[in-house]
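Each chain is listed here by its residues.
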Amino acid sequence: MVEKRENTAPAAFVTGWPIKHSRSPIIHRHWLKQNGLAGTYDAVAVSEEDFASFIAELKDGSRGFCGGNVTIPHKEIAFRLSDRPDDLAQELGAANTLWLQDGQLHATNTDGYGFAANLDTCHPGWDKVDRAVILGAGGASRAVIQAVRDRGVNEIHVVNRTVSRAEELADRFGQRIHAHGLPALPEVMAGAGLFVNTTSLGMDGKESAVIDFSRLKTGALVTDIVYVPLETPILKQAHEQGYPTADGLGMLLHQAVPGFEKWFGHRPTVDTALRELIIRDIQAT
Ligand code: ATR
């Protein structure tokens, strides 16, 4: 059981630096209210130099939290400072979800779960493909590579501007992962059933990268993990070329599910009301 303090409602946090733009409090407070549960979820700004003390206070109970989320720039250090990181967090070298249990700080990474669970909901069967293309080899692409590999996709092509970063990920995630530079994109897209963008390509207004999605298999799914804007330039192109698309907001919502269940003891549902709540927040900011 996750440790709870006597006679107090469970308290969870999200920490990052900066943290004020995090949408996690909206998500978890919506679920607390929707399910009539007692509990709190608050954003706590912690700088890099203060992070180790924050974790020490989390572990000794003086913060009063039963667990929480960790975001940029603390995901790697959170993994290293946890006592019991699970296999997913260990392979990624990064954690986004922490909880206290049996006197120890446990850690996992739910980004890959969020990616897969979202597509399971909106495009069931998305993983029944032989070849996937993942554009980008930054921090955010790792969990996607892990999730796609763990679903059994046979050939996963990671394409990145800096090919050495893609090569590092191919070494980390095993033989089914193949690394390429950007010029290889058209070739590796041929016959692929899944295309995932994890970069900010085309979003600075300067890029005019045109991608020919017709090389993909008929009906291949194109998805993006970026969710602001909801329709990224890559999704827009894919849509215009007649391909089904999935935006990145669902991954954000689904990655929050396992943490909520750990801290508050109830598995929440990602529903339209929650999605609309976040869309309204994106539009307002
Ligand atoms: P994150 O943690 O969000 O993934 P990141 O680690 O900075 O952020 O990675 C950003 C990704 O977008 C990288 O794959 C980056 O390519 P490089 O590794 O070559 O830097 C990619 N990226 C960003 N801007 C790009 C651009 N204009 N053209 C191509 N790739 C771009």
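Keep in mind it's a predicted model, so treat the numbers as computed, not measured.

1. Some remarks on the overall build of the protein
Then comes step 1: Secondary structure assignment for the protein yields 12 helices and 12 strands.
Then comes step 2: Relative to the globule expectation of 19 Å for 285 residues, the C-alpha radius of gyration of the protein, 19 Å, shows essentially globular dimensions.
Then comes step 3: Counting the 285 residues in the protein, one finds 51% classified as buried.
Then comes step 4: Contacts in the protein between residues far apart in sequence, at least 24 positions, make up 66% of those at least 6 positions apart.
Then comes step 5: Here the protein displays about 13,300 Å² of accessible surface, and carbon together with sulfur accounts for 49% of that area.
Then comes step 6: Each charge class in the protein was averaged separately, 28 positive and 35 negative side chains, and the resulting centres sit 2 Å apart.

2. Structural notes on the packing of helix 6 (residues 139-150) against helix 7 (residues 163-173)
Then comes step 1: Remark: helix 6 packs on helix 7, axes separated minimally by 11 Å, with the N-to-C direction vectors making an angle of 40 degrees. Handedness of the crossing formed by helix 6 with helix 7: right-handed. Along its contact with helix 6, which presents Gly139, Ser141, Arg142, Ile145, Gln146 and Arg149, the element helix 7 presents Arg165, Leu169, Arg172 and Phe173.
Then comes step 2: Grouping the amino acids of the contact of helix 6 with helix 7 by side-chain chemistry returns three nonpolar, three polar and four charged.

3. What to know about the site of the ligand
Then comes step 1: In the neighbourhood of the ligand, 13 residues make up the surrounding shell, with Ala137, Asn160, Arg161, Thr162 and Arg165 lying closest.
Then comes step 2: The contact in question runs from an oxygen atom of the ligand to an N or O atom on the backbone of Ala137, over 2.9 Å.
Then comes step 3: Side-chain polar atom of Arg165 to an oxygen atom of the ligand: 2.8 Å apart, as the coordinates give it.
Then comes step 4: Contact with the protein chains covers 71% of the free accessible surface of the ligand, which is 640 Å².

4. Observations concerning the environment of Thr8
Then comes step 1: Note on placement: Thr8 falls in the segment before strand 1 (11-16).
Then comes step 2: The sequence separation of Thr8 and Asp60 amounts to 52 residues, and the corresponding C-alpha distance is 17 Å.

What counts, and at which threshold
Residues numbered from 1 in each chain as written. Predicted model: local features only at pLDDT ≥ 70, side-chain atom pairs only at ≥ 80, totals over all residues. Heavy atoms only, no water. Helix = DSSP H or I, 4+ residues; strand = E, 2+ residues; numbered from the N terminus. Rg over C-alpha atoms; globule rule 2.2 N^0.38 Å. Buried < 20%, exposed > 50% of the residue type's maximum accessible area, 1.4 Å probe, protein only. Contact = heavy atoms within 4.5 Å. Areas by Shrake-Rupley, 256 points an atom, 1.4 Å probe, with all protein chains shown as cover. Lys, Arg positive; Asp, Glu negative; His and termini not counted. Charge placed at Lys NZ, Arg CZ, Asp CG, Glu CD. Axes fitted to C-alpha atoms, helices over the stretch in contact; angles between N-to-C directions. Left-handed = near helix turned anticlockwise from the far one by under 90°. Nonpolar A, V, L, I, M, F, W, Y, C, P; charged D, E, K, R; others polar. Near = heavy atom within 4 Å. Polar contact = N/O pair within 3.5 Å; in protein donor to acceptor, adjacent residues only side chain to side chain.

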